[in-house]
Amino acid sequence: MTAHRGADPGPRRDHVVRGVRGYGRGGPAGLRWAGRLVNGRCGRGCRLAAALLTVAACQAGPTRAVLHPPGAPGRPSGVLTWAASAERMGAGVAGAQYRMIVHTSVGGGAPRIRFTNAFGDRPLTLDHVYAGLRARGAALRPGGNHALTFGGAHRITVPAGSVAWSDPLPGRVPAGADLAVSLRTPWAGGPASGHELALQTSYTGLGGDLTAEDGGAHWARTTGAWWYVDAVAVRPDRPATGAVAALGDSLTDGWQSTADRNRRWPDYLARRLHTAGGALQGVADEGISGDKLLADGAGDGAGQSILHRLDRDVLSQPGVRTVVLFAGVNDLKAHTGVTAAELIAGYRRLAHRAHAAHLCVVAATISPFKGWPEWDRDAEAVRGEVNHYLRTRGEFDAVADFDRTLRDPRDPERLWPRYDGGDHLHPGDRGMRALADSLDLKRLDCAR
C-alpha cells in the first residue's frame, strides 16, 4: 500500500454513503502491522404515560439512523474489537483535526472503522482519514500511519442520521493495543456525534494537514471525547470468534475509574476473555453516562435510551454474540415514578429483540446507591423488586448478580466501601474489576 501523505486528494472522487457497506474483501496490499499485547417531580400519571409512550416508541427501533441499504445483510462480517456508543455532542468545527486513541480487545486482520453522523442535522464530510498503532502520546509507530478509503475514495460524506464503515486495511491489529484514528472535518457544522466520556486522552490540531503524520509534535491540544468514530472491527484469526456488548450507563461507561488506564469493567472483562482463550474475545463498551433503559435524556446530558439505541449500538454490530445489560439505576434515581413492572417490561422487550437477532442476553442486577443524593426508599423498593425478578424468573440466558458483588455485607443498600469510587453510586477501579471477575465466562456464550 502506498500511503497518500500530506497532500489533499483533490480530484479523487468522494464516496457518498447511502448505508453501511458490507465487510468486503480486498483493499490494497502490503501493510503489515506488527505489535505485542499491551497489557423536580412530575405527577405519577404523566410520568407513567411518558414511560409507556417511550417503550412503545422503542419497539419500532431507531427512527433516524440509516444503517444498511435495501438488500444488504443485517450486519457486516468480522468482529468488534472496540466500540463506544454515539451521543449528541457540541457543534462540529470546520477544519478541525482529531487523533482519537482507542484500545482494542481482540486481535485480527483487515481492520475497518465505523464513522458516525447519527446525531447530525446535515451531511458530514470527512477527509484525510488515517489509522495506525500508537507508540506514545499522539505519536504513532514510524511508518505505521495509513490512509483509509471508503469505496476506494479518500473522502466520504455521511448523511445525517447515518453511519459508514471504511474499507478494510490489510495487515493485523493486535489485541490490547492502542489504535490512533486521525481525521479532518473540512466543512463541519451543527451537532457533532461522538462519545463524551471517553476517559481516554485523545488529541486535536489546527492548521496544515496533520492527520498523515506519524509524529505527535503538532498535536499539542487534548480532548477527553471521541469524535465521529464509534466502532472498530477486525477479521479474527478464528472464524468462530465473537464479541460481547456491554450495554448500560455510567457504571459501564467507566465513571470513577482511572482515566487512560482502561479500567472500566468491560476492559477487565476483555483481558479475562483473552487469557481464557475461548470463542468470545471481543468486548464493546456501549455505556453512556446518564443513560436510562426506558426514557431518552432530557437536558441532563444523556443520550437516547438503551431501548432506543439497541439497533445501532448492538444489533447492527459485527460479530456480537452476547449482550450484557447493566441498567436501570438512572430510571430509579431520576424520580420519574417508574415502577418495577415498567422496568421489567423494558428488560423483556430488550431480551425479545436481542433473542430475535440470535444474541445471548445476560441481565445484570441493579447495584446499590444509598448515599447518593437522589436515593430514596421508593427507588430502593423498586430496585429490590426488579432484582428479585431478574434472579428468579429465568427469562434470560444468564444473570450477573452485580448487586451482590458490590453491596456492603453490613448494609446491602450501600456499595461496599472497598469498591465505592467515592460517590456511593459508581465503583472505582477495584469495584470495576470485581464486576468483571464475577462474570461466569462459560455462561456468557449460549447456544443461540
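Residues numbered from 1 in each chain as written. Predicted model: local features only at pLDDT ≥ 70, side-chain atom pairs only at ≥ 80, totals over all residues. Heavy atoms only, no water.

As named in an unreviewed UniProt entry, the protein is G-D-S-L family lipolytic protein, taken from Streptomyces griseofuscus.

Engineer: Describe the sheet that holds strand S19 (residues 280-287), naming the residues involved and giving the relevant values.
Structural biologist: Strand order in the open sheet formed by five strands is S19-S18-S20-S21-S22, and the pairing between neighbours is parallel. The two strands at the open ends of the sheet, each matched to only one other strand, are S19 and strand S22 (398-400). Averaged over all pairs of adjacent strands, the angle between strand axes in this sheet comes to 25°, irrespective of strand direction. Pairing of strand S20 (residues 320-326) with strand S21 (residues 360-364), which is carried by four bridges, proceeds in the parallel orientation. Directly across from Val323, in S21, lies its bridge partner Val361. Running over the sheet, helix H6 (residues 340-356) touches strand S18 (242-248), S20 and S21 and is turned about 160° from S21. (Pairing = 2+ DSSP bridges. Helix = DSSP H or I, 4+ residues; strand = E, 2+ residues; numbered from the N terminus. Axes fitted to C-alpha atoms, helices over the stretch in contact; angles between N-to-C directions. Contact = heavy atoms within 4.5 Å.)

Engineer: Which residues make up the side chain of Ser166, and what values do they have?
Structural biologist: Topologically, Ser166 is positioned in the loop between strand S10 (163-165) and strand S11 (172-173). Apart from the residues within four sequence positions on either side, Ser166 is in contact with Arg112, Ile113, Phe115, Leu148, Thr149 and Phe150.

Engineer: An account of the nonpolar core is needed here, citing residue identities and associated values.
Structural biologist: Ile113, Phe115, Trp265, Leu269, Val314, Tyr347 and Val386 are the most contacted members of the largest nonpolar core, which has 106 residues in total. Each of domain 1 (86-236) and domain 2 (238-447) contributes no fewer than three residues to this core. Apart from residues lying up to four places away in sequence, Tyr347 is in contact with Leu293, Leu325, Ala327, Ala364, Ile366, Val386, Tyr389, Leu390 and Phe396. Residues Ile101, Ala138, Ala180 and Leu210 belong to the second largest nonpolar core, which totals seven residues. (Core = buried A, V, L, I, M, F, W, Y, C linked by side-chain atoms within 4.5 Å. Buried < 20%, exposed > 50% of the residue type's maximum accessible area, 1.4 Å probe, protein only. Domains from an automatic or database assignment.)

Engineer: A description of the sheet that holds strand S16 (residues 226-227) should follow, citing residues and the corresponding values.
Structural biologist: One open sheet accounts for three strands, arranged S3-S13-S16; its pairing is antiparallel. Here the strands that pair on one side only, and so sit at the sheet edges, are strand S3 (87-91) and S16. Where S3 and strand S13 (residues 191-195) come together, three bridges link them in antiparallel fashion. Bridging from a neighbouring strand, Glu87 pairs with Gly194 of S13.

Engineer: I'd like a rundown of unusual backbone geometry, residues and numbers included.
Structural biologist: With phi around 55°, Leu199 is a residue other than glycine that occupies positive phi space. Note on placement: Leu199 falls in the loop between S13 and strand S14 (202-205). Although it is not a glycine, Asn262 sits at a positive phi angle of roughly 55°. Residue class for Asn262 comes out buried when judged on its relative accessible area of 10%.

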